[in-house]
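As a plain string of letters, each chain reads:
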Protein chains: 2
Amino acid sequence: MTRVPLKEQMHRVREDAIVSSVIRLLADKGYDLMTVDEVAADVGIAKASLYKHFGSKEELAASAMVTLLDRALAFVASLPREGDPLLQLQAVARWAMQVQLAGEMPSLPSQNSSLRAALMSHRVYLDRLIELSERLGNWISAGQANGSLARSLPPEVILYTLFARACDPVLATLKLSGQYPDEQIIEWLLLSTFSGLSARP
Amino acid sequence: MTRVPLKEQMHRVREDAIVSSVIRLLADKGYDLMTVDEVAADVGIAKASLYKHFGSKEELAASAMVTLLDRALAFVASLPREGDPLLQLQAVARWAMQVQLAGEMPSLPSQNSSLRAALMSHRVYLDRLIELSERLGNWISAGQANGSLARSLPPEVILYTLFARACDPVLATLKLSGQYPDEQIIEWLLLSTFSGLSARP
DNA sequence: GTCTATAAATCGATAGAC
DNA sequence: GTCTATCGATTTATAGAC
């Protein structure tokens, strides 16, 4: 057991606080509307101090996104290895929606986003994204093989749809209406995602 | 037949050109990343001239959104009045996806967007939005009544989901991959929207 | 009405003292 | 490492000549 120097602990704690603020601000306002001044104010330090920890606004956002993917990978790893693939995927979708309701799920960096370009050249982010895609991809293949997932859709379409539903704006709209409890909202969105809008025979 | 003065015709043509540019730029970059300079350059006039037609960037965007809602209402009105509600809704969804593939569908103004606040106090926009929601709402009620739409989902959830799918980022992602023809992409998204990701019995 | 030029505000990033 | 203060670039919006 090597003792961790106090200095390094302080450093780590501060960076965690920064990333935590960035995640919430990203989820709340999005990358473009989030200003570095706001992040500094939210953390409670000066902007110049922020730049000692992260070299740019892009790096700041990338670190937050990597932390989010790590949380997703940790949840995936926590699931029993030998469950029904469909149930595994539904569990991941439910978890993602809970994160979104907690205000900690930034919307997907869209094709034209300025954030996307930065992320697409960020090796650590891409590594995590590929790893998560592979884990989900395995369940998708297994689900189509055992007949619980639609075979009429390419695995690619199912994967992208799951990522998109994790940030579905329908969730925020229903929550804002204030008419329904969080759990009810999540069940409806899971139902519409996996069973569709039309009636099942 | 009263003759329309040339001056007014010129005025109308120029405003149409402006709105057309704004729609494409909104769909391409979104409201925050779209600059008034770009709009002026795209139209081919000076920025100060733009401000003679529209008082602000927000008005510019609102006019574009109203035009889009008018197009949607025109399409809805073009459908046969006595069809199957489910087929009507699917036709609207298909139309919206085609518009998106044509690069003329801005993404929904999210809850936190700076555009949303402006639109929510824009009476003409709200009028159009309510009218479209009512037309779709009627079909949703009829579809649930005749058993073609899921009765386990509140009409509200179905309506919001249809709006969200019209700007679904999954469409742009699949198109960007370049592997599939546009019509194939649309059919898959319609399938996932109305029939869901899990297999139908 | 259209143009050039610029005002006013904001943002990302940095210098320099401590 | 943290702070205050500021730079340089960008953006919305406007003034004033034609």
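What comes next is a walk through the structure. (Residues numbered from 1 in each chain as written. Chains lettered and ligands numbered in written order. Predicted model: local features only at pLDDT ≥ 70, side-chain atom pairs only at ≥ 80, totals over all residues. Heavy atoms only, no water.)

## A look at the relation of the copies chain A and chain B
Two copies of the chain are present, and they differ by a rotation about an axis and a shift along that axis.
Then step 1. Note on the copies: chain A fits chain B at an RMSD of 0.0 Å, the axial shift is 0.0 Å, and the rotation between them is 180°. As the rotation angle and translation indicate, the two copies are arranged about a two-fold axis. For chain A, the smallest separation between a C-alpha atom and the rotation axis is recorded for G196 of chain A, amounting to 1.9 Å.
Then step 2. Mapped onto chain B, 100% of the interface residues of chain A again fall at the interface, so both copies present the same surface. (Least-squares fit on C-alpha atoms with pLDDT ≥ 70 in both. Contact = heavy atoms within 4.5 Å.)

## With respect to the protein's contact with DNA strand C
Then step 1. Surveying the vicinity of DNA strand C reveals 16 residues, the closest of which are K47 and Y51 of chain A together with K7, R14 and A46 of chain B.
Then step 2. The sugar-phosphate portion of DNA strand C accounts for 57% of its atoms within 4 Å of the protein, the bases making up the rest.
Then step 3. One of the side-chain N or O atoms of Y51 of chain A is found 2.7 Å from a phosphate oxygen in DNA strand C.
Then step 4. Residue R14 of chain B places a side-chain N or O atom 2.6 Å away from a phosphate oxygen belonging to DNA strand C.
Then step 5. Those elements giving two or more residues to the surface near DNA strand C turn out to be α3 (47–53) of chain A together with α1 (6–29) and α3 (47–53) of chain B.
Then step 6. By residue number, the principal contributor to the surface near DNA strand C is α3 of chain B, which donates four residues. (Near = heavy atom within 4 Å. Polar contact = N/O pair within 3.5 Å; in protein donor to acceptor, adjacent residues only side chain to side chain. Helix = DSSP H or I, 4+ residues; strand = E, 2+ residues; numbered from the N terminus.)

## What to know about the pattern of salt bridges
All names here are of chain B.
Then step 1. Here the structure, examined in full by the defined rule, presents 22 salt bridges over all chains.
Then step 2. In this structure, R94 and E187 form a salt bridge, with 3.2 Å as the shortest nitrogen-oxygen distance. With a gap of 93 residues between them, R94 in helix α5 (residues 85–101) and E187 in helix α10 (residues 182–195) connect regions that are remote in the sequence.
Then step 3. For R94, a relative accessible area of 29% puts it in the partly exposed group. (Salt bridge = Lys/Arg side-chain N within 4 Å of Asp/Glu carboxyl O. Buried < 20%, exposed > 50% of the residue type's maximum accessible area, 1.4 Å probe, protein only.)

## Here we look at the protein's contact with DNA strand D
Then step 1. Taken together, 18 residues lie around DNA strand D, and R14, A46 and K52 of chain A together with K47 and Y51 of chain B are the ones closest in.
Then step 2. A share of 55% is what sugar and phosphate atoms reach among the atoms of DNA strand D within 4 Å of the protein.
Then step 3. R14 of chain A places a side-chain nitrogen or oxygen 2.6 Å from a phosphate oxygen of DNA strand D.
Then step 4. In the environment of DNA strand D, a phosphate oxygen lies 3.0 Å from a nitrogen or oxygen atom belonging to the side chain of S49 of chain A.
Then step 5. Sorting the residues of the surface near DNA strand D by element identifies α1 (6–29) and α3 of chain A together with α2 (36–43) and α3 of chain B as the ones contributing at least two each.
Then step 6. Ranked by residue count, the leading element in the surface near DNA strand D is α3 of chain A, at four residues.

## Considerations on the packing of helix α5 (residues 85–101) of chain A against helix α9 (residues 169–177) of chain A
All names here are of chain A.
Then step 1. Contact pair α5 / α9: the axes reach a minimum separation of 10 Å and the direction vectors enclose 50°. Here α5 lies oblique to α9, going by the angle between them. Crossing handedness for the pair α5 and α9: right-handed. Only L171, A172 and K175 of α9 make contact with α5, whose side of the interface consists of M97, Q100 and L101.
Then step 2. Of the residues that constitute the contact of α5 with α9, the class distribution is four nonpolar, one polar and one charged. (Axes fitted to C-alpha atoms, helices over the stretch in contact; angles between N-to-C directions. Parallel < 35°, antiparallel > 145°, perpendicular 65-115°, else oblique. Left-handed = near helix turned anticlockwise from the far one by under 90°. Nonpolar A, V, L, I, M, F, W, Y, C, P; charged D, E, K, R; others polar.)

## Regarding the interface of chain A and chain B
Then step 1. Each partner contributes residues to the interface: chain A has 48 residues there, and chain B has 48 residues.
Then step 2. Together, the buried faces of chain A and chain B total about 4,000 Å²; carbon and sulfur atoms form 62% of this surface.
Then step 3. Three residues stand out in chain A for area buried against chain B, namely Q111, L197 and R200 of chain A, and they jointly supply 17% of the buried area on that side.
Then step 4. Inspection of the chain A/chain B interface yields two salt bridges.
Then step 5. Notably, a salt bridge pairs R165 of chain A with D168 of chain B, separated by 2.7 Å at the nearest N-O pair.
Then step 6. Counting across the chain A and chain B interface gives 24 residue pairs in polar contact (both at pLDDT 80 or more).
Then step 7. Counting residues per element, the ones that place at least two in the side of chain A that touches chain B are α1, α6 (114–120), α8 (155–166), α9 and α10 (182–195) of chain A.
Then step 8. Tallied by class, residues from the side of chain A that touches chain B come to 25 nonpolar, 15 polar and eight charged. (Buried area = accessible area lost by both parts, 1.4 Å probe.)

## Section: α5 of chain B
Residues and elements named next belong to chain B.
Then step 1. Given a rise of 1.5 Å per residue, 17 residues ought to cover 24 Å, and the 24 Å separating the end C-alpha atoms of α5 matches this to within 8%.
Then step 2. In terms of residue burial, α5 counts as a mostly covered element, since 13 of its 17 residues are buried.
Then step 3. One or two steps after α5, the chain reaches G103, where phi turns positive at roughly 75°. (Expected span 1.5 Å × (residues − 1).)

## Remarks on the packing of α1 of chain B against helix α4 (residues 57–78) of chain B
All names here are of chain B.
Then step 1. Two elements in contact, α1 and α4, have axes separated by 9 Å at closest approach and are oriented at 90°. Classified by the angle their axes make, α1 and α4 are roughly perpendicular. Packed against α1, whose contacting residues are I18, V19, V22, I23 and L26, the element α4 presents L60, A61, S63, A64, M65, T67, L68 and R71 at the interface.
Then step 2. For the contact of α1 with α4, the class distribution of residues is 10 nonpolar, two polar and one charged.

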